[in-house]
Amino acid sequence: MLDYSRLDVDVAYRGKALSRISTRAAVSYIDADLDLNGIRVIEDAIYLLEDLACGSIPFDTVVQVEGNLHFFFFTVPVKN
């Protein structure tokens, strides 16, 4: 079982960071709104239009956790 004290989620589009969502509570679901900066998106407008035409936008996410992993009688600290 994993008990985490911190959870960070980075959201990117085509290798460019868009946002970071952080929480210090042990949650299993994060609800967040992503506000896109128009200047950053303009650079990738052609790719964005192509992705929309294909029916989906490929956002990349990276999740980092910090907490403890409990395995039988052992507790292992976890970071990143």
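Residues numbered from 1 in each chain as written. Predicted model: local features only at pLDDT ≥ 70, side-chain atom pairs only at ≥ 80, totals over all residues. Heavy atoms only, no water.

Caption draft 1: Expanded view of the overall build of the protein chain. For the protein chain, the helix and strand inventory stands at two helices and four strands. Starting at the N terminus and walking to the C terminus, you meet the elements of the protein chain as β-β-α-α-β-β. The burial tally for the protein chain puts 15% of its 80 residues in the buried class. Carbon and sulfur atoms provide 59% of the accessible area of the protein chain, an area that totals close to 6,400 Å². (Helix = DSSP H or I, 4+ residues; strand = E, 2+ residues; numbered from the N terminus. Buried < 20%, exposed > 50% of the residue type's maximum accessible area, 1.4 Å probe, protein only. Areas by Shrake-Rupley, 256 points an atom, 1.4 Å probe, with all protein chains shown as cover.)

Caption draft 2: Summary view of the pairing of strand β3 (residues 59-71). Where β3 lies against strand β4 (residues 74-79), six bridges are found, and the strand directions are antiparallel. Each residue of the ladder has a partner; that of N68, found in β4, is P77. As consecutive antiparallel partners, β3 and β4 are separated by two residues, and within that stretch F72 has a phi angle of approximately 55°, a positive value. (Pairing = 2+ DSSP bridges.)

Caption draft 3: Layout of the confidence of the model for the protein chain. Taken over all residues, the pLDDT of the protein chain has a mean of 76, while the share at 70 or more is 71%. The least confident element of the protein chain is helix α1 (residues 38-43), whose mean pLDDT is 62; the most confident is helix α2 (residues 45-54), at 86. (pLDDT = per-residue confidence, 0-100.)

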